Amino acid sequence: MTTATAEDFEYLQRFIFERSAIVLAEEKQYLVDTRLLPVVQRTGVDSVADLVKALRRGDRSIETAVVDAMTTNETSWFRDAAPFEALRRLIFPDVIAQNAMRRRMSIWSAACSTGQELYSIAMLLDAEFPELGSWKLDLLGTDLSTSVVERARSGRFSSLEINRGLPASHLVKYFTREGAHFVIADQLRSKTKFELFNLARPWPPMADHDIILMRNVLIYFDIPTKQRVLEAARAHLRPGGFLMLGTAETTRGLVDGFTAVPAGGTTVYRREEA
Amino acid sequence: MRALVVDDSRAMRSLLRQILVKLGVTDVIEAEDGVVAVKLVEGGPTPDLALVDWHMPVMNGLDLVVELRKRKEWRHMAIMMVTTESEHENMVRALLAGANEYLIKPFTADAVVEKLSLLGLHLEPAQVGETDGGAS
Amino acid sequence: MSDLLIDTETILEITHTFWGAFLPDSGDLHPGSALPSTEDLRGCVRISGSWEGVVELSCSLAVASHVASRMFALPEEQLSDADIHDAVGELSNIVGGNIKSLLPPPTSLSIPFVETPDTRSASEEDWRFSSALDSEVLLAWHDEPLIVRVWRSQGSSADSAAPTAGSDGDLEAELSS
C-alpha cells in the first residue's frame, strides 16, 4: 500500500498549516498522492506513506519539499517574474559584455520540468535581445523524469498550461495551435535541448555554463547533497557566471565562491573568479 | 478597484465574480453583451479592468473592445478577453483592437491571478485555503 | 474526413480539461456507460463556416445541478431552472468552442441553445434529422451521464434554430435577433 491514508492526510493538514498557514481543505485529499509522488522520486523513499513517516520522525530535509509540493502552483511561464527581471536587467547585459568576443552563451535550466522556464528564457532573449541573433546560444533543460523531459522536448502545451503567466503577445508571436494544443515556434525550439539528469548523482562531464538556474529543486535535498550540488554548479559555471535559485533559497552557509547580488527584486549569485 | 465582467452566461459571470471577490475586488459590474457593457461604463466610474467574452448576442467581444478603445478617457482600462476563441488570427485581431491580455476557457483561478499580474494588477487571494487554485 | 479533425480522444481531453479546471474537487469524469435518457438536458452550439454542424452536450439533471451549483456558488436547492439551463449552455459553449478550435478556419460559433424534455419542439428536432452523428463521447460522473455529440449538417443548411452571435460575420448579422 503506497498511497496516503486518511490519517496521513490529517497529519499533513496540521503539518502544512503549522508551517505555511495554508489550510489544506478536505476535498484536496486526492491531491496528496499526485503532488507527493515527485517528492518520493526525488528523495528516494519508497512511497508517499513512507514520506509521511519521515515527516513524523522530524526529517527536516523532507519537510520543505513536502510543503512546497503541496502548496505550490503548477509550472507557469515567467514564473515569479523577479528572476526574469534579473535576467533582463543584470544578468544578460553582464554576460553579453563578458562574452562579447566569444559571442556564445550557455544557459542551463536544471529541474526544467515541462520546459516553461527554458522556453520563457528563449522568448525573452528573442524578444528583447535581438543582437544575439548571430550568437551561438546553448539552452539546456534537464530533469529527473523521462516523461517530463519528453514533453519539454515536444514544446507542446495544453490551453490550461498556456494560460499560466504567458503574455498574450508572446502567445501569438511564438506559438501555433495544433488541435487542442499550442506548439512553440521551431525557431525557438531549435535553440533548446532537453535531457535527463539527476543532480544528486555524480555529474557527467559537461562544458561550463554562463547561467545556471536551479530554482526550487535544492529543497528536495539534505544538506550534504545541497552542498555537493552547489559545489558542482560552481565548478561548471564560468567565473563571473550566474547561479539562480528559488525565492527563499540561498548559497549562504552551504558553499563558498559566490557573491550575492540583488537584482530585479530577487538575489542572484555570481561565481567569483577562481 | 472596479471590474467589469461581460459574458452572455450568468453562470460564467458568477464564476468570474467569485474569483475577483476572493482577490479583494468587490466592486464588480456585469453585462450580458457589448451594448449593455458600453452603457454601464458610460454610466459610472470607469472600470480598471474588463473581462470580455467573445461570442455574445447583439454586440460581440471584439466589437466591444473596439468600442471601449475609442474613448480616450477609458484608455487606462485593462481589457482581457476570456473566451474559447483561440484561432491565431482572431487572437491577433483582439490584441490589435486593444485587448491587453487573453485567457482561454476553461481556466483556473490561478491563471486569472497570473494574468492580472501581467496587467500590473497584483492581487492576493484574500482567503487561505486554495492550494490548487481551481475556480470554486 | 471529420473523424480526423475531431477524434474522440480530443473530445475526451477537452471535456476533462473543463471539468478539471472548473470542478477540480468534484471527483472524476470518466468514460462511462451511464445511459442517457430523454430526461436529459441538452446544450447545443451551432458551428458554421467551413464546417457546418452542432456540438451537443447532454447530461442528467444531477450533473447539470452540480455544475450550476459550483458556478453560481449556491446550494443545489436554491438553483432556479434558469440557473441550471444557463450552466448547461455555458458548458456546451466551452466544449463546443474548443471543438470549433480544431476545425479549419473560418468558422463561427452560435450562442448556446438549451433543450429540456419540456421544450423540445418540432423545429428543434429538424436539425438532427438533417445531420449525421460524427462523434459521440460517453462520460459519467458518479454514474450520471454526460455525453458530447458532434453532429455534421448534411446537404444545404436547414433553418437555424440557434440564435447567433452578434456581428461575427455577414451571415450572423443577417440572422441575429
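Just so you know, these numbers come straight off a predicted model, no measurement behind them.

Section: the packing of aromatic side chains
All names here are of chain A. For the structure shown, the criterion picks out 14 aromatic pairs over all chains. Residues Trp77 and Phe157 carry aromatic rings whose centres are separated by 4.8 Å and whose planes lie at 70° to one another, so their mutual orientation is edge-to-face. Pair noted here: Trp77 is in the loop between α4 (60–71) and α5 (82–98) and Phe157 is in strand β3 (residues 156–158), with a separation of 80 residues, a long-range link. Overall, Phe157 belongs to the buried group, its relative accessible area being 0%. Judged by centre distance (5.2 Å) and plane angle (85°), the ring pair of Trp108 and Trp203 falls under edge-to-face. With Trp108 in strand β1 (residues 104–110) and Trp203 in the loop between β6 (192–196) and β7 (209–214), this residue pair connects regions lying 95 residues apart in the sequence. One exposure class covers both Trp108 and Trp203, and it is buried. When the ring centre of Tyr11 is taken as reference, the NZ or CZ atom of Arg56 above it lies at 4.5 Å.

Focus on the packing of helix α2 (residues 34–42) of chain B against helix α3 (residues 61–68) of chain B
Each pair of packed helices gets described by two things: the angle between the helix axes and the distance between those axes. Residues and elements named next belong to chain B. At a minimum axis separation of 9 Å, α2 and α3 run at an interaxial angle of 25°. On the basis of their axis angle, the class for α2 and α3 is roughly parallel. By crossing handedness, the relation of α2 to α3 is classed as right-handed. Touching Gly34, Ala37, Val38 and Val41 of α2 are Leu64, Glu67 and Leu68, all from α3. Each residue belonging to the contact of α2 with α3 can be placed in one class, and the counts come to five nonpolar, one polar and one charged.

Quick notes on the interface of chain B and chain C
Tallying the contact residues gives 27 residues for chain B and 29 residues for chain C. Summed over the three residues of chain B that lose the most area to chain C, namely Arg10, His55 and Pro106 of chain B, the buried surface amounts to 25% of that side. Taken together, the links from chain B to chain C amount to five salt bridges. In this structure, the salt-bridge partner of Arg10 of chain B is Asp86 of chain C, at a minimum N-O distance of 3.9 Å.

Points about the pattern of salt bridges
A full pass over the atoms with the stated rule returns 36 salt bridges over all chains. The partner of Asp94 of chain A in a salt bridge is Arg270 of chain A, and the shortest N-O contact between them spans 2.3 Å. Taken as a pair, Asp94 of chain A in helix α5 and Arg270 of chain A in strand β10 (residues 266–271) lie far apart in primary sequence, 176 residues in all. Linking Lys105 of chain B and Asp7 of chain B is a salt bridge whose minimum nitrogen-to-oxygen distance equals 3.0 Å.

Some points on the sheet that holds β3 of chain A
All names here are of chain A. Strand order in the open sheet formed by three strands is β3-β5-β4, with antiparallel pairing between adjacent strands. In this open sheet, the two strands that pair with only one neighbour each are β3 and β4 (175–178). For this sheet the average axis-to-axis angle between neighbouring strands, irrespective of direction, equals 35°. Pairing between β4 and strand β5 (residues 181–184): four bridges, direction antiparallel. Its bridge partner being in β5, Glu178 is matched across the sheet by His181.

Quick notes on the sheet that holds strand β4 (residues 78–83) of chain B
Residue and element names in this part refer to chain B. Spatially, the five strands line up as an open sheet ordered β2-β1-β3-β4-β5, and their pairing is parallel. Each edge of the open sheet carries a strand with a single partner, namely β2 (27–31) and β5 (101–104). The sheet shows a mean angle of 20° between the axes of neighbouring strands, direction not considered. When strand β3 (residues 49–52) meets β4, the two strands line up parallel, connected through four bridges. The residue bridging Leu49 from the neighbouring strand is Ala78, located in β4. Taken strand by strand, helix α1 (residues 10–22) contacts β1 (2–6), β2, β3 and β4, and its axis lies near 165° from that of β2. Sheet strands in contact with helix α5 (residues 109–118) are β3, β4 and β5, and its direction is about 170° off that of β5.

Regarding the packing of α3 of chain B against helix α4 (residues 88–97) of chain B
All names here are of chain B. Axis separation between α3 and α4 bottoms out at 9 Å; the angle between their running directions is 20°. Between α3 and α4, the interaxial angle falls into the category roughly parallel. For the element pair α3 and α4, the recorded crossing hand is left-handed. Residues Leu62, Val65 and Val66 of α3 pack against Arg93, Ala94 and Ala97 of α4. Grouping the amino acids of the contact of α3 with α4 by side-chain chemistry returns five nonpolar, no polar and one charged.

Reading the values: rules and limits
Residues numbered from 1 in each chain as written. Chains lettered and ligands numbered in written order. Predicted model: local features only at pLDDT ≥ 70, side-chain atom pairs only at ≥ 80, totals over all residues. Heavy atoms only, no water. Phe/Tyr/Trp six-rings, centres within 6.5 Å; stacked < 30°, edge-to-face > 60°. Helix = DSSP H or I, 4+ residues; strand = E, 2+ residues; numbered from the N terminus. Buried < 20%, exposed > 50% of the residue type's maximum accessible area, 1.4 Å probe, protein only. Lys NZ or Arg CZ within 6 Å of the ring centre and 35° of its normal. Axes fitted to C-alpha atoms, helices over the stretch in contact; angles between N-to-C directions. Parallel < 35°, antiparallel > 145°, perpendicular 65-115°, else oblique. Left-handed = near helix turned anticlockwise from the far one by under 90°. Contact = heavy atoms within 4.5 Å. Nonpolar A, V, L, I, M, F, W, Y, C, P; charged D, E, K, R; others polar. Buried area = accessible area lost by both parts, 1.4 Å probe. Salt bridge = Lys/Arg side-chain N within 4 Å of Asp/Glu carboxyl O. Pairing = 2+ DSSP bridges.

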